[in-house]
Structure formats: structure tokens, C-alpha cells
Amino acid sequence: MDRNLPVERFLGQQGLLPGLRIAGEKILNTERLSEEDGLVLFEKASLPFVGALANLVRERLHGDNTYFNRNFHIEPTNVCVFSCKFCSYSRLYAHREEGWELSAEQMMDIVRSYDNKPVTEVHIVGGVHPKMNLHFFADLMRQIKAHRPELHIKGFTPVELDYMIRKAKLSVEEGMKLMHEAGLDSLPGGGAEIFHPEIRQQICDDKVDAEGWLRIHEVAHALGMHSNATMLYGHIEKYWHRIDHMKRLRDLQDKTGGFNTFIPLKFRNSNNEMSHVPESSVIEDMKMYAVARLFMDNFPHLKAYWPMLGRQNAQLTLSFGVNDMDGTIDDTTKIYSMAGSEEQNPAMNTNELVALIKQVKRKPVERDTLYHAIKDYGLETAIL
Ligand code: V47
Ligand code: SF4
């Protein structure tokens, strides 16, 4: 089948807005979209139009391959010195008796509980606890590596790192070098939210700003580490704030090439100070993924984080540019169930994840953190 056909049919339509035709032709010719093109797609394009274009790009880059990995999460604490308005998860230090704090030994128990399981990655992220410092986590990572050297440690957002590095009175370079040498292999994408100060000041005024977030990723990339980037969308931001956010990431990626994956995160409104803000519709979610796939031309991968979106909507994103479904997360992650996600207990075993991908005629491929293929499940019959 000629995969370009649907797109050409769209572009052949009489009366198509000139801005949409320009954007569509750029995609057909593998040219980069400008910020104006991105905005026109958000504001004027129909869902089938952006969907067809995004699918074209997805299939150019990855064919039907849909990646996932086997990981587990450690959330060291939900006690946090910051007070992001969208956060349903954290407890201020003053109310720390309502939260949890794991000791290094408790976290090592979690690591050991996976001893005979074929996981390849541990994802460590949590609140910013004033007493859990850089040296505490560096020691923890040394212990993890001593116990299981090949386990990839993806951990700590620039929100946590910026706080801990400043408290340790180190430069960003020194702090990141220390963490890398202690065993930190890559950075997850969290803490980015919306970079533009107009929105950042309203939703998460007191944590690291855009420049600080980008700088920590830049330094990590210079040390040879890879990382991801997120964007919290669907709350009080406008389309142009999303474009501004993606443009800043695209510019840094041009410079370093260190990002693997872009992860749009749908704002969930339960149990937080932004509960009055309605959540985005599924149509809006699909449009977000599609425009991200088209605009972020130098990001190899686009991830739908299923614990947040729900399994079926995550499955739907595979037709709107997404080529990664994150992993077989176990129920240690609480961030999304506390924010109102349908996934109260976000665990999915490999068979379920593979079946979900095969149901929509895509090819499941288990990967490691850096997207080396571990197992190709093929396109044939579903497993369940
Ligand atoms: O930065 C917090 C988000 C992020 C809410 O890199 C919320 O592979 C929606 O970044 N509604 C942390 N989102 C999680 C994260 C992540 C997750 C999965 C994979 C990776 C990766 C990274 O969670 C925070 C914030 O943007 N978040 N509260 C909420 N109410
Ligand atoms: Fe703390 Fe992160 Fe929650 Fe913000 S989103 S309050 S930094 S745990």
C-alpha cells in the first residue's frame, strides 16, 4: 500500500486553507515546520488531516514498530518543598506525616524484589525532600550498581537535581558528573511542565525555571547521557505556549542530539489545586500527539504514557504519531492514580501490552532504555 496516498488526497482538496497546504507539503518533502506552521495545525487542522500527516512521519521513522520496555519505578518520597498547583501527589514538608519517605534499605529491597525478573530499567523520581540530598542518592545508585550492574538507572528530574546540586554547593557540571559517576545513566523527562514564564509562574512558580531545566539536560548530554522531555498540556496554556515549549526543546536537540523521546503529559484534575480546570478531550489529546510528531522533527521517539492516558486512548495514539508505549510499570507508581487517572493500579504485564499493540496492527518491540531492540514480537496473531 502506498502510505502517502491519504495525505495527498487531503492536499488535493479544493478549499484547503493555504497555511495547512504549506504545512502538509513541508511534511511530504521532509522539511521542518516553522512555529507558525505548528500553530496553524493546532488551530485550523482537522483531526484526520494532522493524524494522516503524523502517521506518515511515524511510519517513515519506525514503520509499524511500537516500543516498550520492562521497568519498575521507585518513588523515594512524596514529601516536597515545592507546591505545584497541578500536583496531586506531594505533601509539604510541614505535613510530612501524611506522606512517605523510603530509606535506602527500603529502596534496595524494591530493587532486590526484581532479582529474578527480566527488567532492564529502574525509573527513580519523586518529591523534593529537604533531607534526601545528592550524596544520599549517589550512595543509593552505587548500591544499586553493585547489586545489579546492568540495570539502567533513569532518574531524577532537573527539579530534584537543581535543588540537590545547589544545596550541595556544587556547579551543575560538578553535580551532574558526581551523579553520573555514581551510576546515573539517563534522565527522565519530568519537571518541564510549560516553559513559558507566563504559565510557569501560575502553575509552578517556585521550582527550577525553563533555563535551569534545559541547562541540566544540556550538561547531562555533554556527559554522554541521554534524556527525555515532557510537556504538561491541556490546562491553562494556549497553543502558542505549547509551540514555544516544543521549540525550546527542538533547539536544544539541534545542539546536543541527546534527547530520545518526547512525552506529552495530559493534565489530570483530581485532588489538586487546579481541579476547577477541565481536562482536555480525547480529540484534543490526539491532536496534541499528532502536532508533536510533526513539529519535533529531531526527536526520534514520541511516547504515550498509558498510566496517565488510559490504555485505550494510549492505543489510539498509535495512529497519531506515537511509537512508544513506555513500559510494563508495576503498581509502585502513584503519581497518576492520585491525579485521577483511570489506571488506579497501573500494572500491565508484557502479554497485555503486546496484545494491546497488536490489536491495532502495530508491531510490538521490547527495547532497552536507549531503544536497542530486545525482542521483536512480529505482526501476527495476538497473544491473549
Ligand atoms: O513533571 C504531575 C506530571 C511528571 C500531574 O521520562 C501530572 O520516561 C498530569 O515526567 N496531571 C512526572 N501530569 C512524570 C514524568 C514521566 C512519566 C513517565 C515517563 C517518563 C520518562 C517521565 O508528572 C511531572 C508532571 O508534569 N504530573 N501531576 C497531573 N495532575
Ligand atoms: Fe513537588 Fe514534583 Fe509535585 Fe511539583 S510536581 S509539588 S516538584 S512532587
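This part is about the site of ligand 1. Near ligand 1 lie 24 residues; those nearest to it are Lys154, Gly189, Gly191, Glu193 and Lys303. Phenylalanine 86 is positioned such that a nitrogen or oxygen atom in its backbone is 2.8 Å from a nitrogen atom of ligand 1. The separation between a nitrogen atom of ligand 1 and a polar main-chain atom of arginine 268 is 2.9 Å. Here ligand 1 loses 95% of its free accessible area of 620 Å² to cover by the protein chains. For the shell around ligand 1, the secondary structure elements donating two or more residues are strand E8 (226-233) and strand E9 (259-266).

Following the criterion strictly, the structure yields 27 salt bridges and no others. Between lysine 207 and glutamate 193 there is a salt bridge; the shortest N-O distance is 2.7 Å. One end of the pair, lysine 207, is in the loop between helix H9 (197-203) and helix H10 (210-222); the other, glutamate 193, is in the loop between strand E7 (186-187) and H9, with 14 residues separating them in the sequence. The network of salt bridges with shared partners includes Arg32, Asp254 and Asp297.

The next subject is the site of ligand 2. As a matter of local geometry, ligand 2 sits amid Cys80, Phe82, Cys84, Phe86, Cys87, Tyr89, Ser90, Gly127, Val159 and Lys207. Its residues assigned to classes, the shell around ligand 2 comprises seven nonpolar, two polar and one charged.

Attention now goes to the sheet that holds strand E13 (residues 373-376). Strand pairing within a sheet occurs via backbone hydrogen bonds; the two strands may be parallel or antiparallel. One open sheet accounts for four strands, arranged E11-E1-E12-E13; its pairing is mixed. Looking at strand neighbours, the two that pair on one side only are strand E11 (324-327) and E13, the edges of this open sheet. Taking each pair of neighbouring strands and ignoring which way they run, the sheet shows an average axis angle of 25 degrees. Packed on one face of the sheet, helix H15 (residues 350-359) meets strand E1 (65-69), E11 and strand E12 (363-367) and runs near 160 degrees to E1.

Summarising the sheet, E12 and E13 pair through three bridges and their orientation is antiparallel. Across the sheet, the residue bridging to arginine 367 is alanine 373, located in E13. The turn joining E12 and E13, which pair antiparallel and follow one another in sequence, is formed by five residues; a positive phi near 70 degrees is taken by tyrosine 371.

Here we take up unusual backbone geometry. Trans peptide bonds make up most of the peptide bonds, and negative phi angles are found at most residues other than glycine. A positive phi is found at lysine 169, a non-glycine position, where the angle reads about 60 degrees. On the secondary structure map, lysine 169 appears in the loop between helix H7 (158-167) and helix H8 (172-182). Even without a glycine there, the phi angle at asparagine 271 is positive, about 55 degrees. Mapping asparagine 271 onto the fold places it in the loop between E9 and helix H12 (282-295). By relative accessible area, which is 59% here, asparagine 271 ends up exposed.

A few words on the side chain of asparagine 71. Within the secondary structure layout, asparagine 71 lies in strand E2 (residues 71-74). Among the polar contacts listed, one links the side chain of asparagine 71 to the side chain of asparagine 69, at a separation of 3.5 Å. A polar contact is formed between the side chain of asparagine 71 and the side chain of glutamate 121, at a distance of 3.1 Å.

Attention now moves to the state of the cysteines. The final tally for this structure, using the stated rule, is zero disulfides. A disulfide-free cysteine, cysteine 204 has its sulfur positioned 5.0 Å from the sulfur of cysteine 84, the nearest such atom.

As enumerated under the stated definition, the model contains three cavities of 30 Å³ or more in all. Approximately 60 Å³ is the volume attributed to the second largest cavity. Taken together, 13 residues form the lining of the second largest cavity, with Lys154, Ser186, Asn228, Asn260 and Thr369 sitting closest to its centre. Only E7, E8 and E9 provide two or more residues apiece to the lining of the second largest cavity. For the lining of the second largest cavity, the element with the most residues is E8, which contributes three residues. Its residues assigned to classes, the lining of the second largest cavity shows two nonpolar, seven polar and four charged.

Cut-offs applied
Residues numbered from 1 in each chain as written. Chains lettered and ligands numbered in written order. Predicted model: local features only at pLDDT ≥ 70, side-chain atom pairs only at ≥ 80, totals over all residues. Heavy atoms only, no water. Near = heavy atom within 4 Å. Polar contact = N/O pair within 3.5 Å; in protein donor to acceptor, adjacent residues only side chain to side chain. Areas by Shrake-Rupley, 256 points an atom, 1.4 Å probe, with all protein chains shown as cover. Helix = DSSP H or I, 4+ residues; strand = E, 2+ residues; numbered from the N terminus. Salt bridge = Lys/Arg side-chain N within 4 Å of Asp/Glu carboxyl O. Nonpolar A, V, L, I, M, F, W, Y, C, P; charged D, E, K, R; others polar. Pairing = 2+ DSSP bridges. Axes fitted to C-alpha atoms, helices over the stretch in contact; angles between N-to-C directions. Contact = heavy atoms within 4.5 Å. Buried < 20%, exposed > 50% of the residue type's maximum accessible area, 1.4 Å probe, protein only. Disulfide = S-S within 2.5 Å. 1 Å grid on protein atoms, 1.4 Å probe; cavity = no way out; pocket = protein on both sides within 12 Å on 5 of 7 lines; lining within 4 Å. Points joined across faces, edges and corners; volume = space filled by probe spheres on them.

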